[in-house]
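An overview of the molecular structure
Read off the chains here:
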Amino acid sequence: MAHPHITQSNIHFKWSRKLTPALTVASGTEVTFDLRDGGNNQITPENQATILNNLDFGAMDPGFGPVAVEGAEPGDVLRVDILELQPGAYGWTAILNDFGLLSDEFPEPSLKIWDLSTVDEGYAEFKKGIRIPVRPFLGVMGLAPATDEELPTIPPYDWGGNMDCKHITQGATLYLPVQTAGALFSCGDGHAAQGDGEVCGTAIETPMRARLRFTLEKNKPWVRSPHFLTTEGAQPHADRGREYAVMGLDADLREAARKALRAAIEWLGAEKGLARAEAYMLCSVVGDLKIVQAVDMPHYGVVCTIPLGIFVDE
């Protein structure tokens, strides 16, 4: 059975309740999406040698849609079931100018192109001996805002947007508070894998095909920001196994995270022989930032954890 479909031509770069719906569907409808990547497919294996100096940053993080849901009104909740996600044949991770947790320490752009032909086997190879578990998700899922103002697609908002939450995988359910009539859902920014924090600013960015189901829910006033339910059964990130963790401590939470990330990069260079830029990108696609201490002031504690199972030659 064919489902209503959103194509790559249904593209926009602002959240707005003034956008004309590309589709209008009834509650309970499944919709398929054909999505460009978070860089708007500007980066490809063919142009990798030159593209970082020619990127159009105004065309980054596009949304695809919007899909209007019949009967949706402010105060309702839109339930989004993530039924199927299929990454493209390739992906990329980049260090971009003035972007990322350590942007001041990595002024030179750098690019890694990924061969995703092994996705069905559950991994993508970073380099010989390092395999990253593939856990696809959509970085951007959101609704139109209540205001007439057009808002950028780069940040997240209380009604969704560029959340970059790796836990909203296939089989998960997202709940978004409706802000305007029809809800006006859009999505994009497919990722094949990402660490919590996406520390260098990019994950394994990839075009994505998605199948989502939209259900309107009433009388849930406590949903005032994105809520989600993880997939049933074994959790997709529960197989990280033994991890190596480094801690950063500082009175400023962001600086504590930066200290932890620097320490992880240093460890990957000393123990695993990675160049500094390689280690930074590896942390972005598989390292998890976790707040482990937030009460014993004046210092916050943040750890960056690296799963040792990715090092397959050891």
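The structure we're discussing is the one just above.
So, here is what we can say about the structure in this document.

Cut-offs and rules
- Residues numbered from 1 in each chain as written.
- Predicted model: local features only at pLDDT ≥ 70, side-chain atom pairs only at ≥ 80, totals over all residues.
- Heavy atoms only, no water.
- Helix = DSSP H or I, 4+ residues; strand = E, 2+ residues; numbered from the N terminus.
- Rg over C-alpha atoms; globule rule 2.2 N^0.38 Å.
- Buried < 20%, exposed > 50% of the residue type's maximum accessible area, 1.4 Å probe, protein only.
- Areas by Shrake-Rupley, 256 points an atom, 1.4 Å probe, with all protein chains shown as cover.
- Lys, Arg positive; Asp, Glu negative; His and termini not counted.
- Charge placed at Lys NZ, Arg CZ, Asp CG, Glu CD.
- Pairing = 2+ DSSP bridges.
- Axes fitted to C-alpha atoms, helices over the stretch in contact; angles between N-to-C directions.
- Contact = heavy atoms within 4.5 Å.
- Salt bridge = Lys/Arg side-chain N within 4 Å of Asp/Glu carboxyl O.
- Polar contact = N/O pair within 3.5 Å; in protein donor to acceptor, adjacent residues only side chain to side chain.
- Core = buried A, V, L, I, M, F, W, Y, C linked by side-chain atoms within 4.5 Å.

Right, let's get into the overall build of the chain. The helix and strand tally for the chain stands at 2 helices and 22 strands. Taken against the 2.2 N^0.38 rule, which gives 20 Å for 314 residues, the C-alpha radius of gyration of the chain at 20 Å falls within 12% of a compact globule. Once the C-alpha set of the chain is aligned to its principal axes, its extents read approximately 60 × 50 × 40 Å. Relative to its 314 residues, the chain shows a buried fraction of 53%. A total accessible area of about 13700 Å² is found for the chain, and carbon and sulfur atoms account for 50% of it. Side-chain charges in the chain split into 26 positive and 42 negative, and the spacing between the mean points of these groups amounts to 3 Å.

Within the open sheet, the 3 strands sit side by side as S20-S22-S21. Their pairing is antiparallel. In the strand order of this sheet, the two ends are held by strand S20 (243-250) and strand S21 (288-293), each with one partner. Across the sheet, the axes of successive neighbouring strands diverge by a mean angle of 30°, strand direction being ignored. Note that S20 and strand S22 (residues 300-307) share 8 bridges and pair antiparallel. Residue Met247 lies in a different strand from S22, and its bridge partner there is Val303. Contacts from helix H1 (residues 253-272) reach S20, S21 and S22 within the one sheet, and its direction differs from that of S20 by about 140°.

It is worth spelling out the side chain of Lys112 at this point. Structurally, the position occupied by Lys112 is in strand S9 (residues 110-115). Despite its burial, Lys112 remains without a salt bridge, the nearest opposite charge being carried by Glu125 at 7.0 Å. In this structure the side chain of Lys112 is engaged in a polar contact, spanning 2.6 Å, whose partner is the backbone oxygen of Phe126. What Lys112 contacts, discounting residues up to four positions off in sequence, is Gly91, Trp92, Thr93, Glu125, Phe126 and Met281.

Ranked by internal contacts, the top residues of the largest apolar core, which has 39 residues, are Ile132, Tyr280 and Leu282. Looking at this core, the elements with two or more residues in it are strand S10 (123-127), strand S11 (130-133), H1, helix H2 (276-286) and S22. Broken down by element, the residue count for this core peaks at 8 residues, all from H1. Beyond its immediate stretch of four places on either side in the chain, Leu282 contacts Phe126, Ile130, Ile132, Leu268, Leu274, Gly287 and Ile310.

It is worth spelling out H2 at this point. Counting buried positions along H2 yields 8 of 11 residues, so the element is predominantly enclosed. Within H2 the residues assigned to the buried category are Ala279, Tyr280, Met281, Leu282, Cys283, Ser284, Val285 and Val286.

As far as function goes, none of this settles anything; it's purely spatial.
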